[in-house]
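Chain and residue survey
Okay, here's what each chain looks like letter by letter:
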Amino acid sequence: DLILLDVMMPEIDGFETCRRLKADAKTNEIPVIFITALDSVEDKVNGFAAGGVDYLTKPLHEAEVLARVRTHLNIRALQQQLMKQNQQLQQEIHERERAEAALRENELRFQKIFERHSAVMYLFDPDTERILHANRAATQFYGYSLTELQEMPISQINQLAPEDLQQIVLRSARLLD
């Protein structure tokens, strides 16, 4: 979860070790805290440039080291939590996009069936009894354009008895609830 790394080591220094850790996909997310006697600004800059998250110089104070370790472990835990949440959100977005695509596909399928069907079909608002949409068979059957049909209540074109029409409107309203 965390690496405490000295800068001065035999054969390879801590800066190069850190660069290699950050270049490896298995270890690049692990925070590295440098612990060293090197205290120049240049050394500190090199440590951060190599990918370190903190830089402690000797002599060390135990309480400070523990506080920094706790802080970086907490930050790492929060980062991991955010990464998991981000993955979950990405999955939800993907599922929602698939559902929306399926919905659009079904809407187009319904629209094609509605438009091309030979039976007279129209959609109307049961509250206002206004025709919202009608297919080509309806416009041909009634002899009105779609715009003209949309300007009239269903009762104007329907040849059912008023009580039968009222029952259809009530049933349609219940289906929409």
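See above for the structure.
Below is a short write-up of the structure.

Attention shifts here to helix α3 (residues 62-116). Counted at 1.5 Å a residue, the expected span for α3 with its 55 residues is 81 Å, and the 80 Å between its end C-alpha atoms agrees. Every buried residue of α3 is accounted for by Val 65, Val 69, His 72, Arg 76 and Phe 114. Contact partners of the buried residues in α3: β1 (3-6), β2 (32-36), β3 (54-57), β4 (122-124) and β5 (131-134).

Scanning the model with the defined rule gives six aromatic pairs in all. Measuring from centroid to centroid gives 5.4 Å for Phe 15 and Phe 34, while their planes differ by 65°, and the two rings are edge-to-face. Here Phe 15 is found in helix α1 (residues 14-23), whereas its partner Phe 34 is found in strand β2, with 19 residues between them in sequence. The two residues Phe 15 and Phe 34 agree in class, both being buried. Seen in terms of ring centroids, Tyr 122 and Phe 124 are 6.4 Å apart; in terms of plane orientation they differ by 55°. Their pairing is tilted.

Here we come to the pattern of salt bridges. This model, assessed by the stated rule, comprises six salt bridges. Residue Arg 68 pairs with Glu 64 through a salt bridge whose shortest N-O separation is 2.8 Å. With Arg 68 and Glu 64 both in helix α3 and four residues apart, the pair spans about one turn of that helix. Linked through salt bridges whose partners overlap, the residues forming this network are Glu 16, Arg 19 and Arg 20.

This part takes up the side chain of His 72. Within the secondary structure, His 72 sits in helix α3. Apart from residues lying up to four places away in sequence, His 72 is in contact with Leu 2, Pro 31, Ile 33, Val 53 and Asp 54.

This part takes up the pairing of β3. In this sheet, β3 lies alongside β2 in parallel orientation, the contact comprising four bridges. Looking at β3, one finds that Thr 36 is bridged to Thr 57.

With that settled, consider the sheet that holds β3. Taking strand neighbours across the sheet as the criterion, the three strands line up as β1-β2-β3 in an open arrangement whose pairing is parallel. Only two strands of the sheet have a single neighbouring strand rather than two, namely β1 and β3. Shown here is a sheet whose adjacent strand axes are inclined to one another by a mean of 25°, direction ignored. On top of the sheet, α1 reaches β1, β2 and β3; it is set at about 175° to β2, its chief contact.

Here we take up helix α2 (residues 41-50). Among all positions of α2, only Asp 43, Gly 47 and Ala 50 are buried. The buried residues of α2 occupy one face: seen down the axis, they fall within an arc of 70°. In α2, those exposed residues whose orientation departs by more than 90 degrees from the buried face are Val 41, Glu 42 and Ala 49. The inward-facing, buried residues of α2 abut α1, β2 and β3. Of the residues flanking the end of α2, it is Gly 51, one or two places downstream, whose phi is positive at about 120°.

So, how was this worked out
- Residues numbered from 1 in each chain as written.
- Predicted model: local features only at pLDDT ≥ 70, side-chain atom pairs only at ≥ 80, totals over all residues.
- Heavy atoms only, no water.
- Helix = DSSP H or I, 4+ residues; strand = E, 2+ residues; numbered from the N terminus.
- Expected span 1.5 Å × (residues − 1).
- Buried < 20%, exposed > 50% of the residue type's maximum accessible area, 1.4 Å probe, protein only.
- Contact = heavy atoms within 4.5 Å.
- Phe/Tyr/Trp six-rings, centres within 6.5 Å; stacked < 30°, edge-to-face > 60°.
- Salt bridge = Lys/Arg side-chain N within 4 Å of Asp/Glu carboxyl O.
- Pairing = 2+ DSSP bridges.
- Axes fitted to C-alpha atoms, helices over the stretch in contact; angles between N-to-C directions.
- Arc of directions from axis to C-beta.

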